[in-house]
Amino acid sequence: QVQLVESGGGLVQAGGSLRLSCAASGSISSILAMGWDRQAPGEQRESVAFISNGGATNYKDSVKGRFTISMDNTKGTAFLQMNNLKPEDTAVYYCRLRDIYARDYWGQGTQVTVSS
């Protein structure tokens, strides 16, 4: 059983910054990658950023240049630094972990609200 706990969400004005953190625990097989997904009200969940244990990253186009993902796969922790936040970034953000067997796990989510 894998547990992921996110923290760092909150309310911020447009142009502000937040740093999300994710801590994994439990029966974690070797981590292949970690990432962040988000889901806005009435919308489908989407991938925001992803990082492999080799350091390769992938970002949703609309967050490139504003968000930075990092990971310590030895500790099972991941971070998402979000700068220049926009109202359209408002969503629940979920940490995702993919193990070497291609199994995905998600946390309970943390709310990010950006006011205009």
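Structure's up top.
A.B. asks: Got a minute to help me understand the state of the cysteines in this structure?
C.D. replies: Cysteine pairs can be covalently joined through their sulfur atoms, and such a bond is termed a disulfide. Under the definition given, this model contains one disulfide. The disulfide that involves Cys22 links it to Cys95, with 2.0 Å between the sulfurs. Linking Cys22 and Cys95, the disulfide has an S-S dihedral of approximately -80° and is accordingly described as left-handed. On the criterion of sequence distance, the pair formed by Cys22 in strand β3 (residues 18-26) and Cys95 in strand β9 (residues 91-99) is long-range, its members being 73 residues apart. Each of the two residues, Cys22 as well as Cys95, counts as buried.

A.B. asks: Explain the sheet that holds strand β7 (residues 67-72) here, please?
C.D. replies: Judged by pairing direction, the sheet is antiparallel, and its four strands sit side by side in the order β1-β3-β8-β7 without closing on themselves. Lying at the two open borders of the sheet, with one neighbouring strand each, are β1 (2-7) and β7. When the angles between neighbouring strand axes are averaged without regard to direction, this sheet yields 15°. Where β7 and strand β8 (residues 77-82) come together, six bridges link them in antiparallel fashion. Looking across to β8, one finds that Ile69 is bridged to Leu80.

Conventions we followed
- Residues numbered from 1 in each chain as written.
- Predicted model: local features only at pLDDT ≥ 70, side-chain atom pairs only at ≥ 80, totals over all residues.
- Heavy atoms only, no water.
- Disulfide = S-S within 2.5 Å.
- Helix = DSSP H or I, 4+ residues; strand = E, 2+ residues; numbered from the N terminus.
- Buried < 20%, exposed > 50% of the residue type's maximum accessible area, 1.4 Å probe, protein only.
- Pairing = 2+ DSSP bridges.
- Axes fitted to C-alpha atoms, helices over the stretch in contact; angles between N-to-C directions.

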